[in-house]
Amino acid sequence: MSFNGQTVIPAAHNHRDVEKILSLDAEYMVMLETQVGQLKSLVNLAASGGKKVILHADLIHGLKNDEYAVDFLCQDVRPAGIISTRGNVILKAKQHKVLAIQRLFMLDSSAFTKSTALVQKTKPDYIELLPGILPTMVEQMTEQFNIPVIAGGLITTQAQVDEILAAKATAITTSQKSLWK
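Just so you know, these numbers come straight off a predicted model, no measurement behind them. (Residues numbered from 1 in each chain as written. Predicted model: local features only at pLDDT ≥ 70, side-chain atom pairs only at ≥ 80, totals over all residues. Heavy atoms only, no water.)

So, the pattern of salt bridges
Phase 1 of the analysis: In total, this model carries 7 salt bridges according to the counting rule given.
Phase 2 of the analysis: When the shortest N-O distance is used, the salt bridge between Lys177 and Asp17 registers 3.0 Å. Of this pair, Lys177 sits in the segment after strand E10 (171-174) while Asp17 sits in helix H1 (residues 15-22), and the two are 160 residues apart along the sequence.
Phase 3 of the analysis: Here Glu128 and Arg103 are joined by a salt bridge, their closest N and O atoms 2.8 Å apart. Residue Glu128 is found in strand E8 (residues 126-130), and its partner Arg103 is found in strand E7 (residues 99-105); the two are separated by 25 residues along the sequence. Assigned by exposure class, Glu128 and Arg103 land together as buried. (Salt bridge = Lys/Arg side-chain N within 4 Å of Asp/Glu carboxyl O. Helix = DSSP H or I, 4+ residues; strand = E, 2+ residues; numbered from the N terminus. Buried < 20%, exposed > 50% of the residue type's maximum accessible area, 1.4 Å probe, protein only.)

Observations concerning unusual backbone geometry
Phase 1 of the analysis: With an omega of -5°, the peptide bond between Leu130 and Pro131 qualifies as cis.
Phase 2 of the analysis: For Pro131, the position within the fold is in the loop between E8 and helix H6 (135-145).
Phase 3 of the analysis: Of note in the backbone geometry, Leu154 takes a positive phi value of approximately 65° without being a glycine.
Phase 4 of the analysis: Mapped onto the secondary structure, Leu154 falls in the loop between strand E9 (149-152) and helix H7 (158-166).

Considerations on the nonpolar core
Phase 1 of the analysis: Ranked by size, the top nonpolar core spans 28 residues in total, and within it Met31, Leu39, Leu55, Leu73 and Ile82 carry the most contacts.
Phase 2 of the analysis: Those elements that place two or more of their residues in this core are H1, strand E2 (28-31), helix H2 (36-48), strand E4 (52-56), helix H3 (67-77) and helix H4 (87-95).
Phase 3 of the analysis: Sorting elements by how many residues they give to this core places H3 first, with 5 residues.
Phase 4 of the analysis: Not counting chain neighbours up to four residues away, the residues in contact with Leu73 comprise Leu39, Leu55, Ala57, Ile60, Leu63, Arg78, Pro79 and Ile82.
Phase 5 of the analysis: Residues Phe112, Val119, Ile147 and Val149 belong to the second largest nonpolar core, which totals 20 residues. (Core = buried A, V, L, I, M, F, W, Y, C linked by side-chain atoms within 4.5 Å. Contact = heavy atoms within 4.5 Å.)

A few points about the packing of aromatic side chains
Phase 1 of the analysis: Under the counting rule described, the total for this entry stands at 2 aromatic pairs.
Phase 2 of the analysis: Ring centres of Phe3 and Tyr28 lie 5.0 Å apart, and the angle between their planes is 80°; on these two criteria the pair is classed as edge-to-face. Here Phe3 is found in the segment before strand E1 (8-12), whereas its partner Tyr28 is found in strand E2, with 25 residues between them in sequence. Just as Phe3 is buried, Tyr28 falls in that class too.
Phase 3 of the analysis: One aromatic cluster is present, built from ring pairs that chain together Phe3, Tyr28 and Tyr126. (Phe/Tyr/Trp six-rings, centres within 6.5 Å; stacked < 30°, edge-to-face > 60°.)

Examining the packing of H4 against helix H5 (residues 109-122)
The description of two packed helices rests on the angle between their axes and on the distance between the axes.
Phase 1 of the analysis: Where H4 contacts H5, the axes come no closer than 10 Å and their chain directions differ by 25°. Put simply, H4 runs roughly parallel to H5. Our pair here, H4 against H5, has a crossing hand that is right-handed. Each of Gly87, Ile90, Leu91 and Lys94 in H4 lies in contact with H5, whose residues at this interface are Leu118, Lys121 and Thr122.
Phase 2 of the analysis: Per-class residue counts for the contact of H4 with H5 are 3 nonpolar, 2 polar and 2 charged. (Axes fitted to C-alpha atoms, helices over the stretch in contact; angles between N-to-C directions. Parallel < 35°, antiparallel > 145°, perpendicular 65-115°, else oblique. Left-handed = near helix turned anticlockwise from the far one by under 90°. Nonpolar A, V, L, I, M, F, W, Y, C, P; charged D, E, K, R; others polar.)

Below is the structure:
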């Protein structure tokens, strides 16, 4: 499973970011913080430019992050995928047959242990690992689960992107516009 060779997935915070992404040669994008009332129009705008939108369900203002929210998103908004830290959201996204991306925060060994159990339960299509500037964790997670890993968070330079991709990440997500190319 891949993003058709796309290794940098731009992440939009607002309407202006979506417009900038429309001019890029990127097929996929992530929609971060947005309001539920603006969501469908932003996804439609991106789709009109040939972009496949992955929604970060945890960051949609005005929408509770639960299974019913995923039903609404998949039936009404129709994203290409859902990102969430919540296992129940990932399981529901898989039922809807959209990309299910389990977001994990690697803060310490306890977080690693809890994340391992969560991934074994949800079996997501992808793991998004934060912070993304931990190439050794990217490699370890990729090998341990045999699930593609996306790295995100605190990635600010091309050298970091190269190092993370060399550590076997499938892609990186970033809101750092200088890396969107």
